[in-house]
Each structure stands twice: as C-alpha cells, then as structure tokens.
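Each chain is listed here by its residues.
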Amino acid sequence: MTAPIAVVTGASSGIGAATARALHAAGYHVVLLARRVERINELAAELSDRATAIAADVTDRDSLLAAAEQVQRLGGADVLVNNAGVMLLGPFSADQRDDYRQMIEVNLLGAITATEVFLGQIKASDRGDIINISSVAGRTARAGNGVYAATKWGLNGWSESLRQELLPGVRVTLIEPGVVATELPTHITHADTNAAVNEMYSHAEVTADDIAEIITFTITRPRHLAINEILLRPAGQV
C-alpha cells in the first residue's frame, strides 16, 4: 500500500512545518506548500524520502492549481491541512487596511481556495481528511483583533457547513489553538501591538509540536470516528 499523501499549506514554519514532520514520521508522504521556497526545500531535504516541496501561494489560485497537478501525479491528496495564516493585529483604523485585506485573503479565502482546488482528489480517496487551523479568536473577539477574529469566525462557520456536506466520506476537523510559540506575531505591523504581543508570546508554553501531535492523532483515528473540533489553550490562558 502506498503512503497516503498529506498536503500542508504554510509549511515553511511554525505549525505547518511541525505538522509536516509529525505526519512524515507517521508514514505520510508530505507535500509542503508555501511561498518561502528556500525553507520548504530545506525541510524536504531534512525529511529526505516521502517529502515534496512546491512553491505555492494560497491567495493565488493558479499556483494552487499547478501544485494540485503535481500532487495528482504523485497519486492524489488524501489529507489537506489548511494551516497558512497571518495575524496582523492592531487597533481598527484605515492605517491597517492592507493588513485587513491580507488576513481575509490568506486566512479565510486561502483556506477556501485550497480546499476547492484539492477537494476532488480528497473525495476520491478512501482516507480523506481536511484539517482547518482556526484559533481561540474564532470564538472570542478582543480589542485589537477584530478582523483577525472575523477571519477565524468565518473559517469556523464554513468548516461546519463543509463537514456536513462531505460526511461520511471526508472528515473535516477544526483545530482552534490559543497562544502557541511560533513566529506568527513577529509580522504584526502596528508597532505597539507588535511589542505587546511578542512579549506575551515569548512566554508561550504550548509549542507547534504540540499542535502537530494533535493533528496527527486526529487523522490517524479509525475511519468510523470523526473528531470534528478541538479547542485548546495553554493551561494558564484565560
């Protein structure tokens, strides 16, 4: 039996890279999608066999279509992990309008587009899984994270609808982490928010490997069991 194929978006760092490593260790052929080609090439070289790096941007449907063609030649995707995301927090103002559009295009439309492009392959599999990485912010909005929260609330609602449409053949799981030690907050453009959030994240105890372990556990359950939603936080996070 050939190794199942797992496509991971945003695989160049953080949860995406950790998930690729964990799924590879679990016997999957991992396909690493990201814009930062040098990083996914390094990760593919590290993993050696059963790893393929493909340059792709989830906001560019044509690049996803090209990636899907390559994955089809490998045998077709069994698993899609919609991990690509940005967290550009800050007070709501016109100054942040470019950040708002980027978050919507990456976090929400990116996941929708990647799923649309790979869905035919996943539905053709007898072991299809879609993992959508959301956030605690998809349940609780706070001052300064309004548009980010909106993208995650949207992802949550779409995931539930998709789950109902695709059952029982394809399982859809929503993962909602709290603070995780990744580079996510380093890209915040609002200076004061960047400083405050990075200070908080510098004390993060939950790691990307923790989330990757949960994802791997979820998709390796027997097919009669679907784990639809996992909300998790550091033990001390409100």
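See the structure above.
To keep things clear, this report deals only with the structure shown in the data block. Starting from 1, residues in each chain are numbered consecutively following that chain's sequence as written. Predicted model: local features are reported for residues with pLDDT of at least 70 only, side-chain atom pairs are reported and counted for 80 or more only, and whole-chain, interface and lining totals are derived from all residues. Side-chain figures throughout are based on the complete set of non-hydrogen atoms in the structure, without hydrogens or water.

### Structural notes on the pairing of strand β1 (residues 5-9)
Worth spelling out the cut-off: Think of it in three bands: residues with accessible area under 20% of the maximum for their type are buried, residues over 50% are exposed, and the middle band is partly exposed, with areas taken using a 1.4 Å probe on protein chains only. The helix and strand labels rest on DSSP assignments: H or I over at least four residues marks a helix, E over at least two residues marks a strand, and numbering proceeds from the N terminus. One bridge is not enough; two strands pair if DSSP finds at least two bridges between them. A right-handed crossover is one whose linking path, passing over the helix from the first strand to the second, runs clockwise when the strands point away from the viewer.
Of all the five residues making up β1, five are buried; the element is thus mostly covered by neighbouring parts of the structure. Side chains of β1 alternate between two faces, with I5, V7 and T9 and A6 and V8 buried alike. Note that β1 and strand β2 (residues 29-34) share five bridges and pair parallel. When the bridges of β2 are listed, T9 appears paired with L33. After leaving β1, the chain enters helix α1 (residues 14-25) and then returns to the sheet as β2, a path that is right-handed. Looking at chain direction, β1 and strand β4 (residues 79-82) are connected through three bridges and run parallel. Each bridged residue has a counterpart across the sheet, and for V8 the counterpart in β4 is V81.

### Thoughts on the pairing of strand β6 (residues 170-177)
In terms of residue burial, β6 counts as a mostly covered element, since eight of its eight residues are buried. Side-chain alternation along β6 places V170, V172, L174 and E176 on one buried face and R171, T173, I175 and P177 on a second face that is also buried. Bridging between strand β5 (residues 128-133) and β6 involves six bridges; their strand directions are parallel. Bridged to I131 within β6 is T173. In this region the chain leaves β5, passes through helix α5 (residues 146-166) and returns to the parallel neighbour β6; the handedness of that crossover is right-handed. For β6 and strand β7 (residues 229-232), the ladder comprises four bridges, and the chain directions are parallel. Note that in β7 the partner of I175 across the bridge is I230.

### Concerning the pattern of salt bridges
Our working definition: In the sections that follow, a salt bridge refers to a side-chain nitrogen of Lys or Arg positioned within 4 Å of a carboxyl oxygen of Asp or Glu.
Under the criterion given, the structure shown has 13 salt bridges. With a shortest N-O distance of 3.2 Å, E183 and R39 are connected by a salt bridge. In this pair, E183 sits in the loop between β6 and α6 (191-201) while R39 sits in helix α2 (residues 37-47), placing the two residues 144 residues apart along the sequence. E183 sits in the partly exposed class, given a relative accessible area of 23%. Measuring nitrogen to oxygen at the nearest pair gives 2.7 Å for the salt bridge that ties R139 to E229. You can see R139 sitting in the loop between β5 and α5 and its partner E229 sitting in strand β7, a full 90 residues away along the chain. When salt bridges with common partners are traced through the structure, they connect R36, R39 and E183 into a single cluster.

Interpretation note: all reported values are geometric properties and have no functional meaning in isolation.
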